[in-house]
Amino acid sequence: MTREVSDVQQFEDPDHWDSAARHYRETAHPFTALFAEAALARVTLTPQSHVLDVAAGTGALALAAARTGARVLATDFSPGMVGCIAAAGLPNVEARVMDGQALDLPDAHFDAVFSIFGVIMFPDWRKGLAEMRRVTRPGGHGVVATWQDRGAATFLLLGEVRQKLFPDRPGMAMPEAVQALSDPDDFARALVAAGYRNPRIDTVTHDYLLDVAALDAPDTLFGMSPDWTSLDDIEKAAVIAEVRARADGRPVLPISSTALIGVAER
């Protein structure tokens, strides 16, 4: 088994996400929420809307959608992630453990079906898109967010630093869908192949604001990435030194991160 395959399989393991849930909520959730808000802005929701969030993580989209008054079902294959959403205690949000590649849900039930950096992690992401379309009602919308190229935030930073410090070392393999959907035309074709129509692909960029003080506990920042866990202590120290050098004395290091948001009709 190659190292690249094992990297990808790590993201396909619910135990990985269970153990990462608390750190994810603290570090990734506030950042992904920016893109969730951008996705929500592209669809009109009302208190009568039925919304599904597929591979919801700790609920950046689901919790934001709930503020519109819509009835929201958040699903994820990680019980730890689902537990974080349930802990919010919102009366119009239900959280359930579920495989997004085989949704245990009726056809044509939801007015809007979202997956914010979720379906792109699936082993069979095409099946994930098809399942999203299946449960979207006629006239409803599917909304998918994917990173471009080498990911975003700390993943992107680590990839860049590793390439500089260890140019002969292979980096983390991105999930197949991230590579397949990085081009807007390819992304649009994938949504049509899943059964959606009239796709629109928008580019959205936000800065991830890395608190330099958080480098004192780097496992919290970087521990979800194989680009970090595959390093020894000396190599990790070199990475931290390089990141501090990039910050150049500033308390916050901005990391420009770009996503594509695809919106399509059922």
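Computed from a predicted structure; not experimentally measured.

1. Notes on the overall build of the protein chain
Phase 1 of the analysis: Secondary structure assignment for the protein chain yields 11 helices and 7 strands.
Phase 2 of the analysis: Expressed as a percentage of the 266 residues in the protein chain, the buried residues total 52%.
Phase 3 of the analysis: Considering only intrachain contacts with a sequence separation of at least 6, the fraction spanning at least 24 residues in the protein chain is 75%.
Phase 4 of the analysis: Accessible area for the protein chain stands at about 11500 Å²; split by element, carbon and sulfur atoms hold 52% of it.

2. Some details on the environment of His-206
Phase 1 of the analysis: Secondary-structure assignment places His-206 in strand 6 (residues 197-211).
Phase 2 of the analysis: Placed 48 residues apart in sequence, His-206 and Pro-254 show a C-alpha to C-alpha distance of 9.2 Å.
Phase 3 of the analysis: The residues touching His-206, leaving out its near neighbours within four places in the chain, are Phe-31, Leu-34, Phe-35, Ile-255, Ser-256 and Ser-257.

3. Focus on the environment of Gly-59
Phase 1 of the analysis: Examined against the element boundaries, Gly-59 turns out to sit in the loop between strand 1 (50-54) and helix 3 (60-66).
Phase 2 of the analysis: With a relative accessible area of 0%, Gly-59 lands in the buried category.
Phase 3 of the analysis: For the pair Gly-59 and Ala-36, spaced 23 residues apart in the sequence, the C-alpha separation amounts to 9.5 Å.
Phase 4 of the analysis: With residues up to four places along the chain from it excluded, the contact list for Gly-59 reads His-29, Ala-64 and Ile-85.

4. Focus on the pattern of salt bridges
Where charged atoms of side chains with opposite charge meet at close range, the side chains can pair.
Phase 1 of the analysis: According to the stated counting rule, one finds 16 salt bridges in the structure shown.
Phase 2 of the analysis: Of the charged contacts in the structure, one is a salt bridge between Arg-137 and Asp-111, with a shortest N-O distance of 2.2 Å. With Arg-137 in strand 5 (residues 136-147) and Asp-111 in strand 4 (residues 110-116), the pair connects residues that are 26 residues apart, well separated along the chain.
Phase 3 of the analysis: Residue Glu-242 is joined to Lys-164 by a salt bridge in which the shortest nitrogen-to-oxygen separation is 3.1 Å. Separated by 78 residues along the polypeptide, Glu-242 in helix 11 (residues 233-247) and Lys-164 in helix 6 (residues 153-165) bring together distant segments of the chain.

5. Observations concerning the packing of helix 6 against helix 11
Phase 1 of the analysis: Taken N-terminus to C-terminus, the directions of helix 6 and helix 11 make an angle of 110 degrees; their axes are 10 Å apart at the nearest point. With respect to each other, helix 6 and helix 11 are oriented roughly perpendicular. Two secondary-structure elements touch here, helix 6 through Leu-157, Leu-158, Glu-160, Val-161, Lys-164 and Leu-165 and helix 11 through Ala-238, Val-239, Glu-242, Val-243 and Arg-246.
Phase 2 of the analysis: Residues that form the contact of helix 6 with helix 11 fall into these classes: 7 nonpolar, no polar and 4 charged.

6. What about the nonpolar core?
In a soluble, globular protein the nonpolar side chains are often hidden away together inside.
Phase 1 of the analysis: Counting residues in hydrophobic clusters, the biggest one holds 84 residues, and the most contacted among them are Leu-52, Phe-114, Leu-129, Leu-210 and Phe-222.
Phase 2 of the analysis: Contact partners of Leu-210, with chain neighbours within four places excluded, come to Thr-154, Leu-157, Leu-215, Leu-221, Phe-222, Pro-251, Val-252, Leu-253 and Ile-255.

7. Structural notes on the sheet that holds strand 4
Phase 1 of the analysis: The mixed open sheet is built from 7 strands, whose spatial order is 3-2-1-4-5-7-6. Every interior strand has two partners, whereas the edge strands, strand 3 (93-97) and strand 6, have only one. Averaged over all adjacent pairs, the angle separating strand axes in this sheet is 20 degrees, with direction ignored.
Phase 2 of the analysis: In this structure, strand 1 lies alongside strand 2 (residues 71-76), joined through 5 bridges in parallel fashion. Across the sheet, the residue bridging to Val-51 is Val-72, located in strand 2.
Phase 3 of the analysis: Running at roughly 150 degrees to strand 5, helix 5 (residues 125-134) makes contact with strand 1, strand 4 and strand 5 of the sheet.

The rules behind these values
Residues numbered from 1 in each chain as written. Predicted model: local features only at pLDDT ≥ 70, side-chain atom pairs only at ≥ 80, totals over all residues. Heavy atoms only, no water. Helix = DSSP H or I, 4+ residues; strand = E, 2+ residues; numbered from the N terminus. Buried < 20%, exposed > 50% of the residue type's maximum accessible area, 1.4 Å probe, protein only. Contact = heavy atoms within 4.5 Å. Areas by Shrake-Rupley, 256 points an atom, 1.4 Å probe, with all protein chains shown as cover. Salt bridge = Lys/Arg side-chain N within 4 Å of Asp/Glu carboxyl O. Axes fitted to C-alpha atoms, helices over the stretch in contact; angles between N-to-C directions. Parallel < 35°, antiparallel > 145°, perpendicular 65-115°, else oblique. Nonpolar A, V, L, I, M, F, W, Y, C, P; charged D, E, K, R; others polar. Core = buried A, V, L, I, M, F, W, Y, C linked by side-chain atoms within 4.5 Å. Pairing = 2+ DSSP bridges.

By themselves these figures say nothing about function.
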